[in-house]
Amino acid sequence: MHHRGGHYRLLAALLLIIPLETVAQGFFHRVESLLTQHYRKGNLDTAYVTRPATKWTFTARMNMSGTSIVADGYNNDSYFKSKMEAQSKATLSLGVSYLGLSLSVAVNPAKLMGKYHDYELNFNSYGRRFGFDVVYHDAKNFKGWHDQDGMERIELPDDKLSVKTLNVNAYYVFNSRRFSYPAAFSQSYIQRRSAGSFLLAASGMGQRATLDWNQGMELKMTNIGLGAGYGYNYVPGRGWLLHISALPTFIVYSNTSMTFDDTHVPLHYHFPEVIITGRGAVVRQWSNKFIGLSMVFNYTNIGHKESLAIHNTKWYLRTFFGFRL
């Protein structure tokens, strides 16, 4: 009897497991169907832009980025110019995408070895109609020089300048049926024929810099810009894509202050004050593989050298290799 009762319990357990497995399979099938539907939908001119035929994309990337700040102007009728540059950063990353859902992991070898102490966060979203870049950089390893009235150039000591910077830029694509930003930057679409588009753009920058050397310095700035630009995807032959775009925005809101010890240096608005975002990419695809290089360049110019002008440059470069399954 005991042996027969064991068989009954085993049979009951199997009957319970089978429906649960069926329910789970049905659930995952439904989720996959919804993801596929969302992934494939869109008002596209497929003669120009298509989705990859596969569901999975695996990508390895090497990223490099850099920052520089140039300030020049007059203080008590004395002309000065300073240039400060942060140590370039290099990271390695691996990413996987399934029907448009992506996950990536990045490693900075220099930071792991204790040779790089800055912190940088990059978040990019390249959609067919709308996209943006968000970059936050907390840097303490600037190097640079200061020149006063053309006298002997003074090298600024290391680790005396601390800068926290937030850059945000966004775009809207008018000709999204035929022109694809993600084809160049995330490879989630494929550009089959050459096409361009006018773009709307919005940019923002916030920065706080402190210099602890001889005389203390503190710079605070907040800038918001609006504008328009143009992007073009050139397909010179099967499997090739060359992208270039420029999005100049004119600053419509600015709040900037700069202080040397107890001396306040005015920064007056001087047209045109701009935030310019430039992008470029080269992509080569064959079979189920692709390789390429992309670049994003951000330049901010505010003030005037009759009092004080500040020029910020932020760039990052990415090389990548991937395959689709």
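This structure is a prediction, so every number in the text was calculated from the model and none was measured. (Residues numbered from 1 in each chain as written. Predicted model: local features only at pLDDT ≥ 70, side-chain atom pairs only at ≥ 80, totals over all residues. Heavy atoms only, no water.)

J.: I tried to follow the overall build of the protein on my own but got confused; where do I start?
T.: Secondary structure summary: the protein contains three helices and 18 strands in total. Evaluated residue by residue, the protein yields a buried proportion of 42% over its 325 residues. The long-range fraction of contacts in the protein, counting pairs at least 24 apart against all pairs at least 6 apart in sequence, stands at 68%. As displayed, the protein offers around 18100 Å² of accessible surface, 62% of which is attributable to carbon and sulfur atoms. (Helix = DSSP H or I, 4+ residues; strand = E, 2+ residues; numbered from the N terminus. Buried < 20%, exposed > 50% of the residue type's maximum accessible area, 1.4 Å probe, protein only. Contact = heavy atoms within 4.5 Å. Areas by Shrake-Rupley, 256 points an atom, 1.4 Å probe, with all protein chains shown as cover.)

J.: Help me out: how do you make sense of the pairing of strand E16 (residues 274-286) in this one?
T.: Remember that side chains alternate between the two faces of the sheet whenever the strand is regular. Two elements, strand E14 (residues 240-260) and E16, share eleven bridges in a ladder whose sense is antiparallel. The residue bridging Ile244 from the neighbouring strand is Gly280, located in E16. As judged from the 13 bridges shared by E16 and strand E17 (residues 289-304), these two strands associate in the antiparallel manner. Paired with Arg279 across the bridge in E17 is Val296. Counted along the chain from E16 to the antiparallel partner E17, the turn is two residues long, and its residue Ser287 has a positive phi close to 50°. (Pairing = 2+ DSSP bridges.)

J.: Please clarify how a nonpolar patch on the surface should be interpreted in this entry.
T.: On the surface, Phe130, Tyr172, Phe174, Phe198, Leu200, Tyr230, Tyr232, Tyr234, Trp240, Leu242, Ile244 and Val282 cluster together into a nonpolar patch covering about 1200 Å² of accessible area. Sorting the residues of the nonpolar patch by element identifies strand E12 (195-211), strand E13 (217-234) and E14 as the ones contributing at least two each. Note that Tyr232 resides in strand E13. (Patch = residues over 30% accessible without salt bridge, like charges linked within 9 Å, V, L, I, M, F, W, Y side chains within 5 Å. Salt bridge = Lys/Arg side-chain N within 4 Å of Asp/Glu carboxyl O.)

J.: What's the story with unusual backbone geometry in this structure? I'm lost.
T.: As a rule of thumb, non-glycine residues mostly have phi less than zero, and peptide bonds are mostly trans rather than cis. A positive phi angle, near 60°, is found at Gln187, a position not held by glycine. Mapping Gln187 onto the fold places it in the loop between helix H3 (181-185) and strand E11 (190-191). Judged by its relative accessible area of 2%, Gln187 falls in the buried class. One non-glycine residue with positive phi stands out, namely Ser287, at about 50°. Residue position: Ser287 is located in the loop between E16 and E17.

J.: Got a minute to help me understand the environment of Ser194 in this structure?
T.: Locating Ser194 in the fold gives a position in the loop between E11 and E12. A sequence separation of 146 residues divides Ser194 from Tyr48, and the C-alpha atoms of the two residues are 7.2 Å apart. Ignoring any residue separated from it by four or fewer positions in sequence, one finds Ser194 in contact with Tyr48, Tyr232, Asn233, Tyr234 and Val235.

J.: Whenever I open this one, the pattern of salt bridges confuses me. Can you help?
T.: Using the criterion set out here, one finds six salt bridges in the structure. Residues Glu120 and Lys89 are paired through a salt bridge, measuring 3.8 Å at the closest nitrogen-oxygen approach. Residue Glu120 is located in strand E6 (residues 119-126), and its partner Lys89 is located in strand E4 (residues 89-98); the two are separated by 31 residues in the primary sequence. Neither Glu120 nor Lys89 differs from the other in exposure class; each is buried. With a closest N to O distance of 3.2 Å, Lys314 and Glu120 form a salt bridge. With a gap of 194 residues between them, Lys314 in strand E18 (residues 308-324) and Glu120 in strand E6 connect regions that are remote in the sequence. For the residue pair Lys314 and Glu120, the accessibility class agrees, reading buried in each case.

J.: Please clarify how a positive patch on the surface should be interpreted in this entry.
T.: A cluster of basic side chains, namely Lys81, Lys83, Arg153 and Lys305, defines a positive patch on the protein surface. For Lys81, a relative accessible area of 34% puts it in the partly exposed group. (Lys, Arg positive; Asp, Glu negative; His and termini not counted. Charge placed at Lys NZ, Arg CZ, Asp CG, Glu CD.)

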